[in-house]
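Structural features, examined
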Amino acid sequence: MELPPELRDDPSSWDDDSDPEPEPDPDPDAQAEAYVARVLSPPKLGLAPQRTPLLSAPAASPGALETRAESRGPAVGVPGLLNLPPELLLEICAYLDARLVLHVLPRVCHALRDLVRDRVTWRLRAQRRLRTPYPVVEEEDFDWPSACIELEQHLSRWAEDGRWAEYFCLADGHFASIDSVLLLQGWVWSLAALDHRVCSGSWDSTVKLWDIAADGQQFGEIKGKAAVLCLSYQPDILVTGTYDKKVTVYDPRVGPALLKSRRLHSSAVLALLADDRHIISGSEDHTLVVFDRRANSVLQRLQLDSYLLCMSYKEPQLWAGDNQGLLHVFANREGCFQLVRSFDVGHRSQITGIKHSLGTLYTTSTDKTIRVQVPTDPPRTICTRSHHNVLNGICAEGNLVVAASGGLSLEVWRLQA
């Protein structure tokens, strides 16, 4: 069969079964920059955007392939997001959610990845949000990205005087004043939790251990000699502070078994914290004692002008509330705790509960208020909630904030996730 005359002398119209030369792999950064420039740059007036043809074009010559490969990178002088100065990029990022900036932008290209990884970027972001000294204790390895995420989430959750926080009250199941924030019956003065296990200290001189995963079944009990006023529950130790001026350490994995008991104060022990290195206790005798677990000896004894009722510790910052309604911040510097700042945050009576983190600060008081604050220097109150009775403690985990009331109830705020 002969070809038509119009195709007989035109070799370019013949079918070519040979494989075309593969295009060279484009540079990822150049491809990202070209994409950002193409999508985010404003279109020129009078020019319609090019559309991809529905039918494939004939194979291009090798020379044309080289020209196309070279044209993939943005031309010099072409406007695009990545051609902006870093200051403007940071300004744009300031309007984006901190989590998105931290976890998504680094996947776009190397330039944005390097910008996001810079600690100065996050420090500037935090300072812009707060416009006040932060953190209270300077740290060389301060986690600025995590701090920004917590700060912005905290400010968003309690914006407009906390109108978006869901509030409800748990008033059933108690016949005595609640002095902590977990649901147990009886005259329970102190509580501490570790994973799904809870220990409760009572005025009857006992400590009971409960397994919440087993529907609250009791799995241990310690019988002491004095009222248990404060507790700290760690994987390897359970520490009690009692009315008879003692700090006692048990091993909850065995028995629980008594390890040691020391009279570290000259009056009742009211506040207690423990970690893998220290046991920190505050007493009505106006002292703060730091016990070194490894050396098995008192590391430090600080004499204060007031006595501490509650403490919250996230190394190297120790925040504490006292009987005069003041907040105190101690700094752990190479194993030595120093009082660095004291604040009057507006409470008119003793501070009974405190919870702080990188970006949050909550306090309760016998003046019947809970204050929602930012841990700046000085702390900035963003919301205050009043109650009809005294508040004896505070717990903030995840999107729940729970305050213990002397009026036989728990005050609960469920925050936006």
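All of these numbers come straight from a predicted model, not from anything done at the bench.

It is worth spelling out the environment of Ile351 at this point. Structurally, Ile351 can be placed in strand β18 (residues 351-356). Taking relative accessible area as the criterion, Ile351 reaches 0% and is therefore assigned buried. Note: C-alpha distance between Ile351 and Ser365 (14 residues apart in sequence) is 4.3 Å. With near-sequence residues (within four places) excluded, Ile351 lies in contact with Leu309, Cys310, Gly321, Asp322, Gly325, Leu326, Leu327, Thr363, Thr364 and Ser365.

Counting residues in hydrophobic clusters, the biggest one holds 35 residues, and the most contacted among them are Tyr134, Trp158, Tyr362, Val401 and Trp413. The set of elements that each furnish at least two residues to this core consists of α5 (98-103), α6 (110-117), α7 (119-130), α8 (144-157), β20 (369-374), β21 (380-386), β22 (391-397) and β23 (400-405). Per-element accounting of this core gives the leading share, 6 residues, to α8. Core analysis: the next-biggest nonpolar cluster, separate from the first, contains 13 residues, Ile280, Val290, Leu302 and Phe330 among them.

Moving on, we get to a nonpolar patch on the surface. Nonpolar side chains collect at one region of the surface, where Leu84, Leu88 and Ile92 lie side by side and expose about 220 Å² of accessible area between them. Considering the arrangement of structural elements, one finds Leu88 in helix α4 (residues 86-93).

Once that is clear, we can look at the sheet that holds β20. The antiparallel open sheet is built from 4 strands, whose spatial order is β18-β19-β20-β21. Edge positions in the sheet fall to β18 and β21, since each of these pairs with one other strand and no more. Between one strand axis and the next, the sheet turns by 15° as a mean value, whatever way the strands run. Relative to β20, α8 is tilted by about 135°, and along the sheet it contacts β19 (361-365), β20 and β21.

Let us now look at empty space enclosed by the protein. Following the criterion strictly, the structure yields 3 cavities of 30 Å³ or more and no others. There is about 60 Å³ of room inside the second largest cavity. With 3 residues, strand β9 (residues 257-263) is the largest single contributor of residues to the lining of the second largest cavity. Looking at the lining of the second largest cavity residue by residue, the class counts come to 5 nonpolar, 1 polar and 2 charged.

Rules and cut-offs
- Counting of residues starts from 1 at the beginning of each chain's written sequence and follows it residue by residue.
- Residues qualify for local features only when their pLDDT is at least 70, as the model is predicted, and side-chain atom pairs are given and counted only at 80 or more; totals for whole chains, interfaces and linings, by contrast, use all residues.
- In computing side-chain properties, one takes all heavy atoms of the structure into account and sets aside hydrogens as well as water.
- Each helix corresponds to a stretch of at least 4 residues labelled H or I by DSSP, and each strand to a stretch of at least 2 residues labelled E; elements are numbered beginning at the N terminus.
- Residue burial is assigned from relative accessible area. The probe radius is 1.4 Å, only protein chains are included, and a residue is buried under 20% of its type maximum, exposed over 50%, and partly exposed in between.
- Should any heavy atoms of two residues lie within 4.5 Å, those residues are counted as being in contact.
- Throughout, nonpolar core names a set of buried Ala, Val, Leu, Ile, Met, Phe, Trp, Tyr and Cys residues whose side chains join them through atoms within 4.5 Å.
- A patch consists of residues exposed above 30% relative accessible area that lack any salt bridge, with like charges linked at up to 9 Å and nonpolar side chains (Val, Leu, Ile, Met, Phe, Trp, Tyr) linked at up to 5 Å.
- Every accessible area reported is derived by Shrake-Rupley at a probe size of 1.4 Å, with residue values counting cover from the shown protein chains alone.
- Salt bridge, as used here: a side-chain nitrogen of Lys or Arg that lies within 4 Å of a carboxyl oxygen of Asp or Glu.
- Pairs of strands are assigned from DSSP output, requiring at least two bridges between the strands.
- Simply put, an axis is a line fit to the C-alpha atoms, just over the touching stretch for a helix, and the angle between two N-to-C directions goes from 0 to 180 degrees.
- Using a 1 Å grid laid over the protein atoms alone, points where a 1.4 Å probe fits but cannot get out form a cavity; open sets with protein on both sides within 12 Å along at least 5 of 7 lines form a pocket; any residue with an atom within 4 Å of a point counts as lining.
- Grid points are joined across faces, edges and corners, and a volume is the space filled by probe spheres set on the points.
- Side-chain classes are defined by residue name, with Ala, Val, Leu, Ile, Met, Phe, Trp, Tyr, Cys and Pro counting as nonpolar, Asp, Glu, Lys and Arg as charged, and the others, Gly among them, as polar.

Limitation: the analysis is restricted to geometry and does not speak to function.
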